[in-house]
Amino acid sequence: MSKACHDCPFNVTDCFMPHCVSADGVQKRIYAVNRQVPGPLVEVCEDDLVVVEVRNQMLSESTTIHWHGFNQKNTPYMDGVPYVTQCPILPGQSFTYSFEATTMGTFFWHSHIGSQKADGMFGPMIVNRRDLITAVKALYDQDEHRMIISDWNHLPGDSGITRMYHYKPDVRPKSILVNGRGHYRQFEVDDGSTVYTPPAVFPVDKDKKYRIRLINAGAQDCPIEMSIDNHTMIVISLDSNDIVATEVDWITIWQGERVDFIVRTNQKPDNYWIRYRGYSTCRNNATSGVYQVAILHYNEVPLHEPTSPIAYQIPKSTNATRVLNPFNSGTESWPITNIAIPNLTSLDANDVSLSEKVDHQVYISFDFHNIDNYDFHRKHLYGYNQVPSDRRIGSLQLNHISLKLPQFPLLSQWQRLAPGSLCNSTHTPKNLDCKTEQCACTHVIQVKLNSVVEIVLIDQGKSFTVNHPFHLHGHFFRVVAEENLGGVVTIDRVKQLDKEGKIKRRLNHPPMKDTMKTPGGGYTIVRFHANNPGYWFFHCHFDQHHNVGMALVVKVGEHKDFPKKPKGFPKCGSFKNSCLLNNKKL
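The following refers to the structure shown. (Residues numbered from 1 in each chain as written. Predicted model: local features only at pLDDT ≥ 70, side-chain atom pairs only at ≥ 80, totals over all residues. Heavy atoms only, no water.)

**Quick look at the pairing of strand β23 (residues 360-366)**
Okay, step 1: Among the seven residues that make up β23, six are buried, leaving the element largely enclosed by the rest of the structure.
Okay, step 2: Direction of pairing for β23 relative to strand β29 (residues 451-459): parallel, over a ladder of seven bridges. What sits directly across from Tyr363, in β29, is Val456. (Buried < 20%, exposed > 50% of the residue type's maximum accessible area, 1.4 Å probe, protein only. Helix = DSSP H or I, 4+ residues; strand = E, 2+ residues; numbered from the N terminus. Pairing = 2+ DSSP bridges.)

This is the structure in structure tokens:
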């Protein structure tokens, strides 16, 4: 809604002018790539060489770009994580990313610094198979629609984080954008009527089957459920990996996930609402919360907004309503029509990660911990228990550790690591009791190259219900188990259930993903083959959470196993100097 938008939305044509980002009608500062939100589509063929020059033209902020879902096999330096795989791109500088598109599917790119993704720095990326023949290609006629959704706040992202952690934890998304568009702000016309900025439109022809690539590029605790009036959806791919086609009525998608589905245009030609509603911090109660709409438009009729009401409540569910990946549920889901991710079937062949035995079993627990976190609760000044309850905020940690990265990239400047500078659950800083005091350090888990790794994610469920979506860089993983246990969950409780044979792992064609949620008060178990040497980021994909330390680094292999660093690769780090004046150090 800048000056580039002229008279939008009163003159709707102006909303589609070059450089106009109408969003939901509320003016705010955004981060735009090539003056677009979302940024430009990158579409290539499998095995193409992708070369992207990123020019940072911001006045005072650094940035990096992460290619979400790309394993970066042999090119870990292109993964785009500051202080893990590269130095930040400083204002006025550029960085050229170069890597092979070795895997086909639906991906996206986004900033991996601060809150830039939350304010618009993201875009879709599609890798097509060169011969266009895939196991699911026969199921659809057209593949032309990309649906990139994002939760949207009217505060700038960095202002929201400042308020959240230094004043009151009451910052919530205000709306949802679909391809950068949506309804929210009401504009009054002279005749007393109301208009909105235009929603996204998906044009279709009758009696066709369309593949729609749904990408959640959001940044906050706002899982999104979507449905299409009078239409069902056939899910064919998750996070770029094909599955046995599964028909559903609603899709729930977490930040960082991608779901490819087919919609059959077999209804009466008309305009139909595509509906989106948020959960968790985007939900007030059963009938109130953050929502948005787009239009499925049949080309046989004029384009107009449907007359059916718009509200948070998606049409009533029945005992036959099929919900993909329901909020706060796993394989224990009720009704039985709920479809948990481990119940879906991968079209990829079984691999070594599905062996009966694993080489590394890693338990990772998390919750909001009521401790004096040095970043926003200073002990004896404004400690957690010294401030009013509405000013308190718990610390989000993995195994009671807040990730603090070094001042240089682990991958390219590992020689600078001081002995004992890395930490994990068995090696904590200064031998602190991390359950009562904040442990903040460079949290690294070491696994052997070509080993089978099982990660057991445990949401302790002591606070309120959050379903954290975890993203693993450098690898896809198999989702072999997921369950909401209810009540408070500990690592010991999960280990005991496993010992008693009460945890069932699916080891035959479970789905392959790179981002997966864990139910509040439950667990999710994933497996991967650690065949990609390097330092790989593993984190909650809510920006506010990993920005305050809800992350760790998985080191695969030894330094000698890592691919060779590109020639002239940038270095960074603190500058230290001693200055002598009158024989004294200053």
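**Side note on empty space enclosed by the protein**
Okay, step 1: Per the counting criterion, the structure on display carries five cavities of 30 Å³ or more.
Okay, step 2: Counted as a void, the largest cavity has a volume near 100 Å³.
Okay, step 3: Where the lining of the largest cavity is concerned, the elements lending two or more residues are α1 (157-166) and α3 (543-547).
Okay, step 4: Per-element accounting of the lining of the largest cavity gives the leading share, three residues, to α1.
Okay, step 5: Residue classes in the lining of the largest cavity are distributed as five nonpolar, six polar and two charged. (1 Å grid on protein atoms, 1.4 Å probe; cavity = no way out; pocket = protein on both sides within 12 Å on 5 of 7 lines; lining within 4 Å. Points joined across faces, edges and corners; volume = space filled by probe spheres on them. Nonpolar A, V, L, I, M, F, W, Y, C, P; charged D, E, K, R; others polar.)

**Points about the nonpolar core**
Okay, step 1: In this structure, Met147, Met226, Ile251, Phe261, Tyr276, Leu324 and Ile364 are the most contacted members of the largest nonpolar core, which totals 72 residues.
Okay, step 2: The residues touching Met226, leaving out its near neighbours within four places in the chain, are Met147, Leu214, Met233, Asp249, Trp250, Ile251, Phe261, Ile274, Arg275 and Tyr276.
Okay, step 3: Counting 37 residues, the second largest nonpolar core, distinct from the first, contains Ile65, Val444, Met512 and Phe537. (Core = buried A, V, L, I, M, F, W, Y, C linked by side-chain atoms within 4.5 Å. Contact = heavy atoms within 4.5 Å.)

**Details of the sheet that holds strand β8 (residues 175-178)**
Okay, step 1: The sheet built from six strands is open, its strands ordered β8-β7-β12-β17-β14-β15 with mixed pairing. Looking along the sheet, the strands with just one partner apiece sit at the ends: β8 and β15 (241-248). Between one strand and the next, the sheet's axes are offset by a mean angle of 25°, whatever the strand orientation.
Okay, step 2: Pairing of strand β12 (residues 209-216) with strand β17 (residues 258-264), which is carried by seven bridges, proceeds in the antiparallel orientation. Considered in β17, the bridge of Ile215 is made with Arg258. (Axes fitted to C-alpha atoms, helices over the stretch in contact; angles between N-to-C directions.)

**Quick word on the state of the cysteines**
Okay, step 1: One pass over the structure, following the stated rule, counts six disulfides.
Okay, step 2: Note that Cys8 is cross-linked by a disulfide to Cys15, the S-S spacing being 2.0 Å. Since a negative S-S torsion denotes a left-handed disulfide, the Cys8-Cys15 link at about 95° is right-handed. Pair check on accessibility: Cys8 and Cys15 agree, each one buried.
Okay, step 3: In this model, Cys434 is linked to Cys439 through a disulfide, with the two sulfur atoms separated by 1.9 Å. (Disulfide = S-S within 2.5 Å.)

**Concerning the side chain of Thr515**
Okay, step 1: Checked against the element boundaries, Thr515 lands in strand β33 (residues 515-518).
Okay, step 2: A polar contact is formed between the side chain of Thr515 and the side chain of His68, at a distance of 3.3 Å.
Okay, step 3: Polar contacts involving the side chain of Thr515 include one to the side chain of His471, which spans 3.2 Å.
Okay, step 4: Beyond its immediate chain neighbours, meaning those up to four positions away, Thr515 contacts His68, Asp239, Gln255, Gly256, Glu257, Arg258, Pro469, Phe470, His471 and Phe477. (Polar contact = N/O pair within 3.5 Å; in protein donor to acceptor, adjacent residues only side chain to side chain.)

**Digging into α1**
Okay, step 1: Burial in α1 covers these residues: Gly157, Gly160, Ile161, Met164 and Tyr165. Along the long axis of α1, the arc covered by the buried residues comes to 110°, so they all point the same way.
Okay, step 2: Those residues of α1 hidden inside the fold are in contact with β25 (395-396) and α3. (Arc of directions from axis to C-beta.)

**A few points about unusual backbone geometry**
Okay, step 1: Following Cys8, the chain continues to Pro9 via a peptide bond in cis, the omega torsion being 5°.
Okay, step 2: Structurally, Pro9 is set in the segment before β1 (42-45).
Okay, step 3: The omega angle of the peptide bond from Val37 to Pro38 is -5°, so this bond is cis rather than trans.
Okay, step 4: Residue position: Pro38 is located in the segment before β1.
Okay, step 5: Its identity as a non-glycine residue notwithstanding, His6 has a phi of 50°, on the positive side.
Okay, step 6: Structurally, the position occupied by His6 is in the segment before β1.
Okay, step 7: Located in the positive-phi region is Asp47, a residue other than glycine, with phi close to 75°.
Okay, step 8: Position of Asp47 among the secondary structure elements: in the loop between β1 and β2 (49-55).

**Concerning the environment of Val466**
Okay, step 1: Tracing the sequence through the fold places Val466 in the loop between β29 and β30 (468-472).
Okay, step 2: Separated by 113 residues in sequence, Val466 and Ser353 place their C-alpha atoms 28 Å apart.
Okay, step 3: Beyond its immediate stretch of four places on either side in the chain, Val466 contacts Asp221, Phe368, Asp459, Thr518, Pro519, Gly520, Phe542 and His545.

**Focus on the pattern of salt bridges**
Okay, step 1: Per the counting criterion, the structure on display carries 31 salt bridges.
Okay, step 2: A salt bridge links Arg322 to Glu247, with the shortest nitrogen-to-oxygen separation between them at 3.6 Å. In this pair, Arg322 sits in the loop between β21 (291-298) and β22 (323-324) while Glu247 sits in strand β15, placing the two residues 75 residues apart along the sequence.
Okay, step 3: Among the salt bridges present, the one from Glu454 reaches Arg527, with a minimum N-O distance of 2.5 Å. Placement of Glu454 in strand β29 and of Arg527 in strand β34 (residues 522-530) is noted, with a sequence separation of 73 residues between them.
Okay, step 4: Taking relative accessible area as the criterion, Glu454 reaches 2% and is therefore assigned buried.
Okay, step 5: Taken together, the shared-partner salt bridges in this structure form one network comprising Glu43, Asp143, Arg146, Arg211, Arg213 and Asp260. (Salt bridge = Lys/Arg side-chain N within 4 Å of Asp/Glu carboxyl O.)

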